[in-house]
Each structure stands twice: as structure tokens, then as C-alpha cells.
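Spelled out, the chains give:
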Amino acid sequence: EILPISSSGHLVLGKTLLQVESPGVLLEAVLHGGSLLAILVYYRARLAALMNGVWRGAGGARRDAAAILVGCLPAAVCGLLFGSAVESAFASPRVTAAGLIATGLLLLVPRIVKPASRPGRVTVGQAAAVGLAQVAALLPGVSRSGTTITVGRLAGAEGREAASFSFLMAIPLLAGALGLSLVKAAGQAPSISPAALGLGFAVAAGVGYVAMALLNRLLASNRLWWFGPYCLAVGSAALLVVR
């Protein structure tokens, strides 16, 4: 979820190549919860300041909250309206491979274009562009973090601010995915042990936190494009071996 390499795409290709089946939506819910915890802990100071500012009616905090809402809406609406079509795409490894190639190409764009950035928070206009880009990330192989951060940078946001906005925007989306997964899992007999679920949660949270620190370090030195060749290589190789 954190690194710009499409976790969903890797899961689709991994299940295809290893011929394994997912143990069910309960595991998905637990992993979403681990990623969500990592984001909440990493950005705890920013979140506390945002919530406190909104509570006190501070104009800057309310603008930030409005930008996050604007960024979330396109993907939320498309997910509700076209959820079944999006789910069917996850059954196609070739669609996933194409998504990884598209992600790799997008990650290389700032390396070529050299976007001009300005300090300060993400504006509502930039949030709208990021939100529309996030719609594409509903498809497997298209990295949500890579797409939203890159489009934010191309729209003029500074790299680490674009990343901060991307993950703040992910909080309600991950919370929604967590809730839906729990609803789907309700009433189903668990197909995985509590110990394994706990391990999955801990790994998702711990690795997610470390990955976020790495991501911000790479953004500070304009090296996010490093993930571009990787996505291109994995996507191209997958096209050759999957059907």
C-alpha cells in the first residue's frame, strides 16, 4: 500500500504465478488495518493539528480538510458505481501487468519534465487533479501512492507535501475498505488462524511505517523515479509469462 509499486498488482501476479488462493476477505481487512495504523502513527502530529484546527474553526485546517474530501470523492463514487467492474479486473493478470507498466511510465515523467513546485499545502485544485488520478488506481497494477504523489507533483505540490496529502487522503479510503471487508467477512467461518491474522497485521503495520519513512526520504532527494524501472520490468515480464 505504501511504496509506489502496486501492492494489489503484486498480489494478483503472486497468486497467479504461485497458484494459490486468497484465504478470504478477513485477511484483507486485517492487512488494510495494519496499513491504516502505520499511516495514523506516522502522520499523527499532522492529523492531530488538522483535527484540532478543524475543531477550532481555523481557516487553513478547514481548507486542508476540504482538499482531502475533494481528493477522496472521485474514487469513492467510482468504487460504489463500478465496484463489480473493478473487481473483475483483478481476475486478469494481463490487465495487472499493463497497470504496472503504466505506473512505471508515470513515475518516470517527473524525471523528464522536472515539475516546478511551490511550498505550502495542497490546494483544492491540486486535490481535484490528484483525486481524478486516484480513480485509475482502483485498477490492479496501478499504484495508488505512485499515481497520486506523481500527479500532485506535476500539479505543483512539493514532493513530501504531495506524499503527506496522498496518505491523509488514504485514511478514509482505507477505513472504508476495512469496513466493507469486515461486513463481507461477518458470518463467515475464519479460514485462517488468529495467530496468522495477528502476524499479518503486525507485518503490514511495521513494514508500512518503515516504507513510509523510506518513501519520504526518496522524495526529499527526488529519487522516487527509481521505482519506475522496477514497475516496467515486473509488468513487462508478467506480460510474457501470464495469460
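Residues numbered from 1 in each chain as written. Predicted model: local features only at pLDDT ≥ 70, side-chain atom pairs only at ≥ 80, totals over all residues. Heavy atoms only, no water.

**Quick word on helix α8 (residues 144-154)**
For clarity, the cut-off: Residue burial is assigned from relative accessible area. The probe radius is 1.4 Å, only protein chains are included, and a residue is buried under 20% of its type maximum, exposed over 50%, and partly exposed in between. By the criteria applied, helices consist of DSSP H or I runs no shorter than four residues and strands consist of E runs no shorter than two, each listed in order from the N terminus. A contact between two residues is defined here by any heavy atoms of the two lying within 4.5 Å.
Among the 11 residues in α8, 10 count as buried, and that is most of the element. If you check which residues of α8 are buried, you get R144, S145, G146, T147, T148, I149, T150, V151, G152 and R153. On its buried face, α8 is in contact with α6 (93-113), α7 (124-136), α9 (159-185) and α10 (194-220). One or two residues past the end of α8 sits G156, with phi positive at roughly 115°.

**Considerations on unusual backbone geometry**
The backbone of S6 shows a phi angle near 65°, a positive value even though the residue is not glycine. Its location among the elements puts S6 in the segment before α1 (7-18). A positive phi angle is found at Q19, which is not glycine, with a value near 55°. For Q19, a relative accessible area of 67% puts it in the exposed group.

**Focus: the packing of aromatic side chains**
Under the convention used in this document: Two rings belonging to Phe, Tyr or Trp (six-membered ring only in the last case) form a pair when the distance between their centres is within 6.5 Å. Interplanar angles under 30 degrees mark stacking, angles over 60 mark edge-to-face geometry, and anything in between is tilted.
Scanning all chains against the criterion turns up three aromatic pairs. For the ring pair Y42 and Y43, a centre distance of 5.0 Å and an interplane angle of 75° mean the geometry is edge-to-face. For Y43, a relative accessible area of 7% corresponds to the buried category. Ring centres 6.3 Å apart and planes at 25° place the aromatic pair Y43 and F167 in the stacked group. Taken together, the positions of Y43 in the loop between α2 (25-42) and α3 (44-56) and F167 in helix α9 put the pair 124 residues apart, joining distant regions of the chain. Of the aromatic side chains, those joined through ring pairs into one cluster are Y42, Y43, F167 and Y209.

**Digging into a nonpolar patch on the surface**
Quick reminder of the rule: Each patch is built from residues lacking any salt bridge and having more than 30% relative accessible area; the joining distance is 9 Å for like charges and 5 Å for nonpolar side chains (Val, Leu, Ile, Met, Phe, Trp, Tyr). Exposure was quantified through the Shrake-Rupley algorithm and a 1.4 Å probe, taking into account, for residues, occlusion by the shown protein chains and nothing else. Within this document, salt bridges are pairs made up of a side-chain nitrogen of Lys or Arg and a carboxyl oxygen of Asp or Glu, the two lying within 4 Å of each other.
Nonpolar side chains collect at one region of the surface, where L17, L18, V20, L240 and V241 lie side by side and expose about 540 Å² of accessible area between them. For the nonpolar patch, the elements supplying multiple residues, two or more each, are α1 and α11 (227-241). On the basis of relative accessibility, which here comes to 54%, the residue L17 falls in the exposed class.

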